[in-house]
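# Examination of the molecular architecture
Letter by letter, the chains look like this.
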Amino acid sequence: MENDEGEKTIESEPVLQTQPLCRFFSQGRHCNFGKKCRFLHVRDDAKAHEKKTVRTPSQSNATSSNSEAPGGHVGHRAPSTGSSRVAPAAGRRPCRYFISGHCTMEDRCRFWHPPQLPQVIDEPVPGNYTRPVQRMPPVPRPSILQEVKLCDLTQDVAKQLRDTEIKQLKKRFPKDQLIIQERSDGKVTYYRATVGATDPDWPFDLKEIDIMVSFPDSYPQEIFTLDIPLDQDLPPVMARHVQQASLEWLQAKHATNQLLGKVELLFRPFLRWLDRSLERLFTEGARQLKKDVDLEKAGLQFISYQELQATVCEKSGNGHSSEPASDPAVRDGDEDVSDERELEKTEGGGPGCGKQQQEEEEEEASHLVENIKISDPRRGTEVKLLGLRLGENTATVVAQQITVCLQCNRCKVTADLTLTGRTPCTAQCEKCSASINAAFRPCMLHHYSDVLGYLDLHNAAPADLVLQECDLIVGCLSCSQEFPVQNLSYGQTKEFNCEHCHSKLSILAESTRFQYIPPRSNKTGPSASAVNYKTIRDPAVQKGKPLPEKGACKHYKQSHRWLRFPCCGRAYPCDVCHDEDQDHPMELATRMICGHCAKEQPYSNGKPCISCGGMMTRGARTSHWEGGLGCRNKAKMSRNDRQKYANTNKTVSRKAASDKK
């Protein structure tokens, strides 16, 4: 009977399994039918668990036969665990996400979530099961001493750090990229290594740079010496730039470590920094190289202030040493005086006098340097071309003759005056007959200077530079020849060809600025402050300051601007003022000068200034409609304008009102 009941239960099992599962409940979702649902409310993992735990007679016979096999223990069975999750371990694959640390499916996951890593068992494993690989803990690498606190630093530790740095250097670079040289005395060893760029998008043809380092005995308490050899493909200018930037980084890194109270090996961090910054250093060095090449082509030479001061100090030292030997008669005649001075120095207390004498020599050298720097002092009124752009082949520009619009200091009447280089000119005012003296000292324009020259004026102030009537001498960079150029206009690029080599040249200037430079006085007494500043007058047009009358005239009092007419290149408040002063037909202005800030800009009507934002014309200040060009705000519109109340009482249908919304 018991066997018959067992067979019935086993036969009834497939009938239960044929009932379909509820897809909502099996996925962990809510089933609205609840217990009335005609589908089976069993989870996927529970069903699989039941399938694995239920054993058929064939499986039980197979297990019993295996237990009774020769060489095995008869009647011995593997111990069963009480956990329901461990039971199906032999037939289910473990979840790799759960083993790695986290599984988002949690209990809904169809894979096995073991409570811990499975142990190695000698039982046979089915073919469809892959046992998870046990991860071995990482083996700790032997630590290499890289940094030490200053309080723990000893001579032995410093020597160990230095040896570690040298060993790492030799291991890092192969033999074909490392050259070891020793000095003749054998005290200093130089390591020359080739460092290549690791950037796959390297833009330069030169991809390697050689560095030469040496580690002093006190390293790492001091930084190692770095040198960029000049016997490589890298230009000297770029090599010096890279060396200077590298030394600055090493010094800054060492100073930071000193503040943090530690000592660090700097060679490997330096290599990482050099790899990251090599492109930037090459770019900056290439710019410096191009600048030097352009200066050399233009016939100029750049000398830094430090080099100039060192040269002057050497010359002054040679002058002091050669003076007593050059005049023996004076030396013999003044022996007594020198002896007395020496006695005074010995009596007066020695080292302090030596320091004082050294300070006096340094002051004399600095004065000599200042005199050399300002051999042609800046004085008078400086004429500068703003927005100057010279073409690639344009080397220099020198003004041979200029036309300046001057304003009389007494009656404020303006007049044009033509000046030639270094030739003084005298004229009289047409209205008050005051004498006006003017002279022009030209300067050389090039890519690094935009000063056209200096004006020496008396009883007048400059108002404008008529660039269209200026005669300029342009030097070509290709053939080093000069030729005249005329008819330049503000804001327009003048393109022309060289008369000798036919190279393309160009000049562009946006505007002109006049700046008065007060003279330098070397007097230190009370008379130095007694300067008559009444005779000094600033230029009539200065950038950042309003024009005379704010640019208005008697014809248009609400127009605060000057218009520059292309027919003559001069600036007037309006076209009527132009016709009154000139005898040629007027052309429409293309540029204008703001009356509030004296900023010259392209012509525009009804728009604010691009510099100060002020309105130069009445424009939007009107309170009338003016055909849609004036005021369009009905709140600010004049009540006398019929557009103010237009369409205010117009009825609108509900459909139109809803469409608008």
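### Some thoughts on the sheet that holds strand β18 (residues 494–497)
In spatial order, the strands read β8-β19-β18; together these three strands make up an open sheet with antiparallel pairing. The sheet is open, and its two edges are formed by β8 (389–390) and β18, each paired on a single side. Two elements, β8 and strand β19 (residues 504–508), share two bridges in a ladder whose sense is antiparallel. Its bridge partner lying in β19, L390 is registered against I507.

### A look at a positive patch on the surface
Where like charges cluster on the molecular surface, the positive patch consists of R172, R268, R272 and R276. Among the elements that take part in the positive patch, helix α8 (residues 267–297) stands out by supplying three residues, more than any other. The residue R172 is located in helix α6 (residues 155–172) in this model.

### A short note on the sheet that holds strand β14 (residues 451–458)
Within a sheet, adjacent strands bond to each other through the backbone by hydrogen bonds, running parallel or antiparallel. Judged by pairing direction, the sheet is antiparallel, and its five strands sit side by side in the order β11-β12-β14-β7-β20 without closing on themselves. This sheet does not close on itself; its edge strands, each paired only once, are β11 (425–428) and β20 (511–517). In this sheet, neighbouring strand axes are inclined to one another by 25° on average, regardless of whether the strands run parallel or antiparallel. Relative to β14, strand β12 (residues 435–442) runs antiparallel, the two being bridged by six bridges. Across the sheet, F440 pairs through a bridge with L455, a residue of β14.

### Focus on the environment of D217
With respect to the helices and strands, the residue D217 is situated in the loop between β4 (208–214) and β5 (225–227). Residue class for D217 comes out exposed when judged on its relative accessible area of 68%. C-alpha separation for the pair D217 and R162, spaced 55 residues apart in sequence, amounts to 8.0 Å.

### Quick look at the pattern of salt bridges
Oppositely charged side chains can form a pair if their charged atoms are brought close together. Counting across every chain of the model gives 11 salt bridges. The closest approach of N and O atoms between D464 and R564, which form a salt bridge, is 3.1 Å. One end of the pair, D464, is in strand β15 (residues 460–465); the other, R564, is in strand β21 (residues 561–564), with 100 residues separating them in the sequence. Looking at R564, the relative accessible area reads 5%, which means it is buried.

### Comments concerning the packing of α6 against α8
Helix packing geometry: the angle between the two helix axes and the distance between the axes. As a packed pair, α6 and α8 sit with axes 10 Å apart at the nearest point and diverge in direction by 40°. One element, α6, and the other, α8, form an angle in the oblique class. Where α6 abuts α8, its residues E165, Q168, L169 and R172 lie against F267, R268 and L271. Here the residues of the contact of α6 with α8 are counted per class, giving three nonpolar, one polar and three charged.

### Here's the deal with unusual backbone geometry
Here the residue pair Y219 and P220 is connected by a cis peptide bond, since its omega of 10° sits within 30 degrees of zero. Relative to the elements of secondary structure, P220 occurs in the loop between β4 and β5. Of note, the phi angle at K412 is positive, near 65°, even though the residue is not glycine. Along the chain, the position of K412 falls in the loop between β9 (394–408) and β10 (414–420). Positive phi, normally seen in glycine, also occurs at N487, with a value near 60°. Here N487 is to be found in the loop between β17 (482–485) and β18. Judged by relative accessible area, which is 49%, N487 ranks as partly exposed.

### Topic: the packing of aromatic side chains
Applying the stated rule across the entire model yields 16 aromatic pairs. Ring plane angle 55° and centroid distance 6.1 Å describe the contact between Y191 and F215, whose orientation is recorded as tilted. Here Y191 is found in strand β3 (residues 189–196), whereas its partner F215 is found in the loop between β4 and β5, with 24 residues between them in sequence. For F215, a relative accessible area of 5% translates into the label buried. Chaining the aromatic ring pairs together yields one cluster made of F173, Y191, F215, Y219, F224, W249, F267, F270 and W273. Over the ring of Y448 we find K291, and its NZ or CZ is 5.6 Å from the ring centre. Over the aromatic face of Y645 sits the side chain of K644, whose NZ or CZ is 5.9 Å from the ring centroid.

### Topic: helix α7 (residues 236–260)
Helix length check: α7, at 25 residues, gives a terminal C-alpha distance of 36 Å against a target of 36 Å (1.5 Å per residue), a fit within 8%. Inspection of α7 places V237, M238, A239, V242, A245, S246, W249, L250, H254 and N257 among the buried residues, and these make up the whole buried set. Where α7 is buried, its residues meet β4, β5, β6 (262–264) and α8. G261 sits one or two positions beyond α7 and adopts a positive phi of about 75°.

### Section: the nonpolar core
I211, F215, F224, F267 and F270 are the most contacted members of the largest nonpolar core, which has 39 residues in total. Elements represented by at least two residues in this core include exactly α6, β3, β4, α7 and α8. For this core, the leading source of residues is α8, giving eight residues. Setting aside chain neighbours within four positions, we find F267 in contact with E165, L169, F173, I211, V213, F215, Y219 and F224.

Cut-off values and rules
Residues numbered from 1 in each chain as written. Predicted model: local features only at pLDDT ≥ 70, side-chain atom pairs only at ≥ 80, totals over all residues. Heavy atoms only, no water. Pairing = 2+ DSSP bridges. Helix = DSSP H or I, 4+ residues; strand = E, 2+ residues; numbered from the N terminus. Patch = residues over 30% accessible without salt bridge, like charges linked within 9 Å, V, L, I, M, F, W, Y side chains within 5 Å. Areas by Shrake-Rupley, 256 points an atom, 1.4 Å probe, with all protein chains shown as cover. Salt bridge = Lys/Arg side-chain N within 4 Å of Asp/Glu carboxyl O. Lys, Arg positive; Asp, Glu negative; His and termini not counted. Charge placed at Lys NZ, Arg CZ, Asp CG, Glu CD. Axes fitted to C-alpha atoms, helices over the stretch in contact; angles between N-to-C directions. Buried < 20%, exposed > 50% of the residue type's maximum accessible area, 1.4 Å probe, protein only. Parallel < 35°, antiparallel > 145°, perpendicular 65-115°, else oblique. Contact = heavy atoms within 4.5 Å. Nonpolar A, V, L, I, M, F, W, Y, C, P; charged D, E, K, R; others polar. Phe/Tyr/Trp six-rings, centres within 6.5 Å; stacked < 30°, edge-to-face > 60°. Lys NZ or Arg CZ within 6 Å of the ring centre and 35° of its normal. Expected span 1.5 Å × (residues − 1). Core = buried A, V, L, I, M, F, W, Y, C linked by side-chain atoms within 4.5 Å.

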